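Fold and contact review
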Amino acid sequence: MKNIQQYLNENKDRFLNELFEWLKIPSVSSDSGHKDDMYKAANWAKDALLKAGADKAEVFETKGHPVVYGEKITDPSKPTVLVYGHYDVQPADPLDLWDSPPFEPVIKKTDLHPDGAIFARGACDDKGQVFMHFKALEAMVANDFLPVNMKFMIEGEEEIGSPSLGQFCKDNKEMLKNDVILVSDTSVIANDVPSITTGLRGLSYVEVEVTGPNRDLHSGTYGGAVGNPINILSEMIAKLMDEDRHITIPGFYDDVLEATEEERKKLNEAPFNLKDYKKALDIDEVCGEKGYTTDERTGIRPSLDANGIWGGFTGEGAKTVLPSKAYAKISMRLVPNQEPKKIAVLFEKYFKSIAPDCVKVKVDYLHGGLPVVTPIDTPEYKAAEMAMETTYGKKPVPTREGGSIPIIALFEQILGSKSVLMGFGLNSDAIHSPNEHYGLFNLYKGMETIPYYYKFYGELKK
Ligand code: BES
Ligand code: MN
Ligand code: MN
């Protein structure tokens with residue numbers, strides 16, 4: 001292992017240059033204008049796998065953006081780890097809120113990253129974290145340390161709900177066969193508080209359209225007499241939660257598997273400082289469902305958020321208009337045992353029921369995903385615990401995170417494999433926001449830790 005760590009250390013600068021090349025490709029999956037960039041980013045990953053020493057690597061077409069697959073098979077009788085990650089990124093806008101251009105990576109120091117952090121879209125989510133796996137592979141091959149078989153599946157549609165990956169898995173079951181799926185697309189609590197994610201929330205995402213009159217109207221001639229869809233949409237959104245911030249949609253909580261007192265106690269033992277949390281976000285108070293702590297609100301409770309709302313006149317100056325239409329995008333984060341489509345149906349029924357007769361309402365289901373809970377009493381998890389304990393000098397804490405990776409639940413259904421969520425980002429790394437960044441400490445710590453995962457997993461499975 002010493003040789004591997006030395007190899008990683010000696011090549012640090014070259015690694016940074018390589019990662020920068022990948023980050024410069026604006027692989028925004030939701031934007032059809034970036035279709036070519038998706039292929040560029042996929043090919044870059046394929047080449048990176050081959051250069052790192054994979055036996056083979058290939059870019060596979062799908063109905064949507066391509067999937068990159070590569071492998072290093074040393075001995076079919078040994079266990080196989082499939083690394084999953086994504087090369088697509090979220091849109092970078094609003095661009096004017098970035099301190100440096102999102103696809104021109106730079107290194108800057110921050111309070112939480114005194115050694116510097118890479119600022120770029122995708123630096124943490126998820127190119128930077130996938131890159132650590134490429135370099136771990138390279139270091140292991142270079143030092144002829146191959147305790148397990150390694151497979152890599154890097155997709156280009158995670159940020160849009162992985163619409164093609166389920167089919168890809170079904171079509172390539174044999175190729176993807178594995179004993180565990182290893183994912184670095186989550187966070188640690190802090191750089192001195194290592195953690196492993198043992199749960200992610202699910203998601204049900206809808207778009208609503210509220211229509212009032214058949215055209216935009218003069219707000220003087222008609223105002224006060226005709227329903228204004230923006231006013232009404234706002235009222236309707238406000239009705240989705242009560243004063244305790246409990247979601248009011250009938251049946252919404254019916255399937256929720258309530259956490260036990262024991263689980264809640266465990267969850268609240270994880271290090272968390274409310275004062276620092278508020279300070280980092282510049283808020284005077286947190287805001288959430290009554291009766292739950294912040295970690296519980298994001299870890300084991302569902303939530304509902306408007307992600308965007310638009311309609312009417314938003315240009316410069318004042319225009320007196322009573323708009324014909326108003327829209328909102330609304331997401332609901334789900335916890336075990338809630339089902340995304342069922343929740344969307346409940347939402348639609350309730351949302352239509354609270355609409356006054358002066359408007360018409362349309363609800364579209366955009367996408368969704370099931371929540372995940374991973375076991376912690378398995379060799380797959382233990383290997384991650386041992387790896388992190390080795391490199392951080394502290395045993396990692398199991399945590400539940402609020403984000404979603406919808407494909408993880410499908411992996412279990414289609415490939416029959418459980419996942420281990422060993423991510424290295426910080427929640428403050430501004431993923432999906434302007435000025436996304438990834439700490440150099442985190443990048444190198446990830447590269448250092450991953451080879452230990454393979455080592456311990458190989459040993460535990462013997
Ligand atoms: N890597 C994130 C998920 C995540 C974020 C997990 C933070 C743990 C902590 C992933 O890329 C993501 O953003 N997922 C989307 C879901 C998707 C369907 C758009 C999300 O959670 O909004
Ligand atoms: Mn991600
Ligand atoms: Mn993301």
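The paragraphs below set out a description of the structure included in this document.

Considering the coordination of the manganese ion (ligand 3)
Binding of the manganese ion (ligand 3) to the protein goes through Asp-125 (OD), Glu-159 (OE), Glu-159 (OE) and His-432 (NE2), at separations of 2.0 to 2.5 Å. Around the manganese ion (ligand 3), the six donor atoms sit at angles spanning 56 to 155°, and that spread fits a shape best called irregular. Every donor residue of the manganese ion (ligand 3) comes from the same chain, spaced as D-x33-E-x272-H. The distance between the manganese ion (ligand 3) and the manganese ion (ligand 2) is 3.6 Å, with Asp-125 acting as a donor to both metals. With a gap of 307 residues between them, Asp-125 in the loop between strand E5 (117–119) and helix H4 (127–142) and His-432 in the loop between strand E19 (425–426) and strand E20 (437–439) connect regions that are remote in the sequence. Residue Asp-125 is classed as buried on the basis of its relative accessible area of 7%. By relative accessible area, His-432 is classed as partly exposed at 40%.

Thoughts on the site of ligand 1
With respect to spatial proximity, 18 residues lie near ligand 1, and among them Glu-158, Asp-185, Arg-333, Ser-404 and His-432 are the closest. Contacts to ligand 1 include Glu-159, whose side-chain N or O atom sits 3.1 Å from an oxygen atom. Out of a free accessible area of 510 Å², ligand 1 has 90% covered by protein chains. Residues belonging to the shell around ligand 1 are distributed by class as follows: five nonpolar, seven polar and six charged. Shared between two domains, the shell around ligand 1 takes at least three residues from each, and those domains are domain 1 (2–200 + 371–460) and domain 2 (202–256 + 302–369).

Some thoughts on the layout of surface pockets
Computed from the structure, the second largest pocket encloses a volume of approximately 390 Å³. Around the second largest pocket, the lining is made up of 18 residues, and of these Thr-198, Lys-266, Ile-376, Pro-398 and Arg-400 lie nearest the centre. Of all elements in the fold, only helix H8 (261–269) and strand E17 (397–401) reach the threshold of two or more residues within the lining of the second largest pocket. Ranked by residues supplied to the lining of the second largest pocket, first place goes to H8 with six residues. By residue class, the composition of the lining of the second largest pocket is nine nonpolar, three polar and six charged.

Observations concerning the coordination of the manganese ion (ligand 2)
Within the first shell, the manganese ion (ligand 2) binds the protein through His-86 (NE2), Asp-125 (OD), Asp-185 (OD) and Asp-185 (OD), at distances of 2.0 to 2.4 Å. Every donor counted, the six donor atoms about the manganese ion (ligand 2) form angles of 57 to 166° at the centre, which fits irregular coordination. Sequence spacing among the residues donating to the manganese ion (ligand 2) works out to H-x38-D-x59-D. Taking the relative accessible area as the measure of exposure, Asp-185 reaches 12% and is therefore buried.

Remarks on the pattern of salt bridges
On inspection of all chains with the given rule, the structure shows 23 salt bridges. Its salt-bridge partner being Asp-55, residue Lys-72 comes within 3.3 Å of it at the nearest N-O pair. Separated by 17 residues along the polypeptide, Lys-72 in strand E2 (residues 67–72) and Asp-55 in the loop between helix H3 (35–52) and strand E1 (56–60) bring together distant segments of the chain. Residues Glu-209 and Lys-325 are paired through a salt bridge, measuring 3.4 Å at the closest nitrogen-oxygen approach. Placement of the pair is Glu-209 in strand E10 (residues 202–211) and Lys-325 in strand E14 (residues 325–334), with a sequence separation of 116 residues. Classification of Glu-209 as buried rests on a relative accessible area of 17%. Among the residues examined, Lys-325 registers a relative accessible area of 30% and is labelled partly exposed. Within this structure, Arg-14, Glu-18, Lys-135 and Glu-138 form a network of salt bridges that share partners.

The rules behind these values
- Residues numbered from 1 in each chain as written.
- Chains lettered and ligands numbered in written order.
- Predicted model: local features only at pLDDT ≥ 70, side-chain atom pairs only at ≥ 80, totals over all residues.
- Heavy atoms only, no water.
- Donors = N, O, S within 2.8 Å, 3.2 Å for Na, K, Ca; no water.
- Tetrahedral: all angles 85-135°; square planar, octahedral: opposite > 155°, others 65-115°.
- Helix = DSSP H or I, 4+ residues; strand = E, 2+ residues; numbered from the N terminus.
- Buried < 20%, exposed > 50% of the residue type's maximum accessible area, 1.4 Å probe, protein only.
- Near = heavy atom within 4 Å.
- Polar contact = N/O pair within 3.5 Å; in protein donor to acceptor, adjacent residues only side chain to side chain.
- Areas by Shrake-Rupley, 256 points an atom, 1.4 Å probe, with all protein chains shown as cover.
- Nonpolar A, V, L, I, M, F, W, Y, C, P; charged D, E, K, R; others polar.
- Domains from an automatic or database assignment.
- 1 Å grid on protein atoms, 1.4 Å probe; cavity = no way out; pocket = protein on both sides within 12 Å on 5 of 7 lines; lining within 4 Å.
- Points joined across faces, edges and corners; volume = space filled by probe spheres on them.
- Salt bridge = Lys/Arg side-chain N within 4 Å of Asp/Glu carboxyl O.

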